[in-house]
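Single-letter residue listing:
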Amino acid sequence: MQRTLSIIKPDAVKKNVIGEILSRFEKNGLKIVAMKYLHLSKDDAARFYIVHKDRPFYGELTDFMSSGPVVVSVLEGEDAVAKNRKLMGATNPKEAEKGTIRADFADSIDANAVHGSDSLENAKIEIDFFFNKLEIK
């Protein structure tokens with residue numbers, strides 16, 4: 001069993017599709033073992049996305065991620081990291097496979113509805129950023 005982090009980003013929260021996205025995780029064998037609804041500050045977003053600090057989109061990304069509430073969850077299941085990434089679809093929704101979360105709910109490469117850990121190592125770091133051990137079932 002693996003655990004991975006998922007964030008439903010401000011654009012998807014604003015569209016009121018939280019339940020539809022969470023349902024896709026559950027219908028595809030991922031169990032939600034922790035969840036929070038919160039509003040990241042610009043500083044929180046900057047610390048979370050620090051791995052991208054030297055990339056040209058870093059400022060826009062942190063502005064976007066602090067622009068409204070997000071839903072952060074820990075998903076658990078067999079091959080959770082890969083399964084979640086497949087459900088999300090390509091980062092650019094125009095390239096995302098039909099029926100993926102980004103193809104169905106994202107507007108652009110910047111407002112792309114969801115974030116998911118890209119490796120087991122990053123999943124642990126990202127989960128620890130948002131949750132303590134008492135908060136995870």
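Anything mentioned here points back to the structure above.
Computed from a predicted model, the values in this text were never measured in an experiment. (Residues numbered from 1 in each chain as written. Predicted model: local features only at pLDDT ≥ 70, side-chain atom pairs only at ≥ 80, totals over all residues. Heavy atoms only, no water.)

Colleague: It is not clear to me how the pattern of salt bridges should be interpreted in this structure. Could you clarify?
Modeller: It is possible for side chains bearing opposite charge to pair when their charged atoms get close. Within the structure shown, the criterion is met by eight salt bridges. Across the salt bridge formed by Asp107 and Lys15, the nearest N and O atoms sit 2.8 Å from each other. Separated by 92 residues along the polypeptide, Asp107 in the loop between helix H6 (101-105) and strand E4 (114-116) and Lys15 in the loop between helix H1 (10-14) and helix H2 (18-27) bring together distant segments of the chain. By relative accessible area, which is 53% here, Asp107 ends up exposed. Look at Lys15 and you get partly exposed, because its relative accessible area is 35%. Where salt bridges share partners, they join Asp43, Asp44 and Arg47 into one cluster. (Salt bridge = Lys/Arg side-chain N within 4 Å of Asp/Glu carboxyl O. Helix = DSSP H or I, 4+ residues; strand = E, 2+ residues; numbered from the N terminus. Buried < 20%, exposed > 50% of the residue type's maximum accessible area, 1.4 Å probe, protein only.)

Colleague: Looking at this structure, how should I read the sheet that holds E4?
Modeller: Hydrogen bonds between backbone atoms are what pair the strands of a sheet, whose relative direction is either parallel or antiparallel. Reading across the sheet, the four strands line up as E2-E3-E1-E4 and stay open at both edges, with antiparallel pairing between neighbours. Every other strand in the sheet has two partners, leaving strand E2 (31-38) and E4 as the edge strands with one partner each. On average, each strand axis in the sheet is tilted by 20 degrees relative to the strand beside it, whichever way the strands run. Across seven bridges, the pairing between strand E1 (residues 2-8) and strand E3 (residues 70-77) is antiparallel. Bridge pairing links Thr4 to Leu75 in E3. (Pairing = 2+ DSSP bridges. Axes fitted to C-alpha atoms, helices over the stretch in contact; angles between N-to-C directions.)

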